[in-house]
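# Structural characterization, general
Below, each chain spelled out in residue letters.
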Amino acid sequence: MPASLPPGLPTAPGGPSEPLRFTMSEDEFEAAVQDALDSIPDKLARAMDNVAVFIEDDYVPKPGEDPDTVLLGLYEGVPLTERDSWWDAGSLPDRITIFREPILDLCVSREDVIHEVAVTVVHEIAHHFGIDDDRLHELGWG
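This structure is a prediction, so every number in the text was calculated from the model and none was measured.

## Digging into the overall build of the protein
If you tally the helices and strands in the protein, you get five helices and three strands. What you see in the protein, going N to C, is helices and strands ordered as α-α-β-β-β-α-α-α. By the burial criterion, 27% of the 142 residues in the protein qualify as buried. Partitioning the intrachain contacts of the protein with sequence separation of at least 6 by distance along the chain shows that 69% fall at a separation of at least 24. Of the accessible surface of the protein, which amounts to about 9,300 Å², a share of 54% is contributed by carbon and sulfur atoms.

Encoded structure:
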């Protein structure tokens, strides 16, 4: 970098610069996810049925998906609204996965991370209750 430019500025004035990215340990991120889960009202938490929550570093697109797919969270399972009497017979738990790296990539502060984790957790839990993406966007939880 030329000596005439202060540290942290792009080498080409007006050129692209790397966005700031907040760093957080895996334990701190896990605590943020747990806090978001703990904030779910008891009545809703008790209504959740056979669902497990996981944290992974990043989403790996499946064959046939756009390789540049970025997800903050993912719900995999059968929503409560679609379950029938057949569902309980040996069904594996639904799975909610929160992806750490994409969330950290979006955030520039601890508060941003906590907010984005909370929104992502609520979003994925809403899918467990059968609420689709269009409705979540209408409600401000997109």
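## Side note on a nonpolar patch on the surface
On the surface, a nonpolar cluster with roughly 240 Å² of combined accessible area is contributed by Ile131, Leu139 and Trp141. Inspection of the secondary structure puts leucine 139 in helix H5 (residues 133-139). Owing to a relative accessible area of 43%, leucine 139 belongs among the partly exposed residues under this scheme.

## Side note on the pattern of salt bridges
As enumerated under the stated definition, the model contains 10 salt bridges in all. One salt bridge connects glutamate 26 with arginine 100, and the closest N-O pair in it is separated by 3.7 Å. In this pair, glutamate 26 sits in helix H1 (residues 26-38) while arginine 100 sits in helix H3 (residues 100-106), placing the two residues 74 residues apart along the sequence. Residue arginine 100 is classed as buried on the basis of its relative accessible area of 9%. Across the salt bridge formed by glutamate 101 and arginine 100, the nearest N and O atoms sit 3.2 Å from each other. Taken together, the shared-partner salt bridges connect Glu26, Asp57, Arg100 and Glu101 into one network.

## Quick notes on the nonpolar core
In terms of nonpolar packing, the biggest core is built from 17 residues, with Phe29, Ile98, Ile103, Val113, Val117 and Val121 touching the most fellow members. The residues contacting phenylalanine 29, other than those within four sequence positions of it, are Met24, Ile55, Ile98, Phe99, Arg100, Ile103, Leu104, Val113 and Val117.

## Thoughts on H1
Taking 1.5 Å per residue, 13 residues should reach 18 Å; H1 reaches 18 Å between its end C-alpha atoms and fits that length. Turning to H1, its buried residues are Phe29, Ala32, Val33 and Ala36. Mapping the buried residues of H1 onto a view down its axis gives an arc of 95 degrees, with all of them on the same face. Away from its buried face by more than 90 degrees, H1 exposes Asp27, Asp35 and Asp38. If you follow the buried residues of H1, they end up packed against strand S1 (51-56), strand S3 (94-99), H3 and helix H4 (110-128).

## Considering the sheet that holds S1
The strand order across the open sheet built from three strands is S1-S3-S2, with neighbouring strands paired in mixed fashion. Two strands in the sheet have a free side with no partner beyond their single neighbour: S1 and strand S2 (73-76). Each strand of the sheet is rotated relative to its neighbour by a mean of 15 degrees, with strand direction disregarded. Judged from the six bridges that link them, S1 and S3 form a sheet pairing that is parallel. Bridged to valine 53 within S3 is isoleucine 96. Contacts from H1 reach S1 and S3, with the element oriented near 150 degrees to S1.

Criteria and cut-off values
Residues numbered from 1 in each chain as written. Predicted model: local features only at pLDDT ≥ 70, side-chain atom pairs only at ≥ 80, totals over all residues. Heavy atoms only, no water. Helix = DSSP H or I, 4+ residues; strand = E, 2+ residues; numbered from the N terminus. Buried < 20%, exposed > 50% of the residue type's maximum accessible area, 1.4 Å probe, protein only. Contact = heavy atoms within 4.5 Å. Areas by Shrake-Rupley, 256 points an atom, 1.4 Å probe, with all protein chains shown as cover. Patch = residues over 30% accessible without salt bridge, like charges linked within 9 Å, V, L, I, M, F, W, Y side chains within 5 Å. Salt bridge = Lys/Arg side-chain N within 4 Å of Asp/Glu carboxyl O. Core = buried A, V, L, I, M, F, W, Y, C linked by side-chain atoms within 4.5 Å. Expected span 1.5 Å × (residues − 1). Arc of directions from axis to C-beta. Pairing = 2+ DSSP bridges. Axes fitted to C-alpha atoms, helices over the stretch in contact; angles between N-to-C directions.

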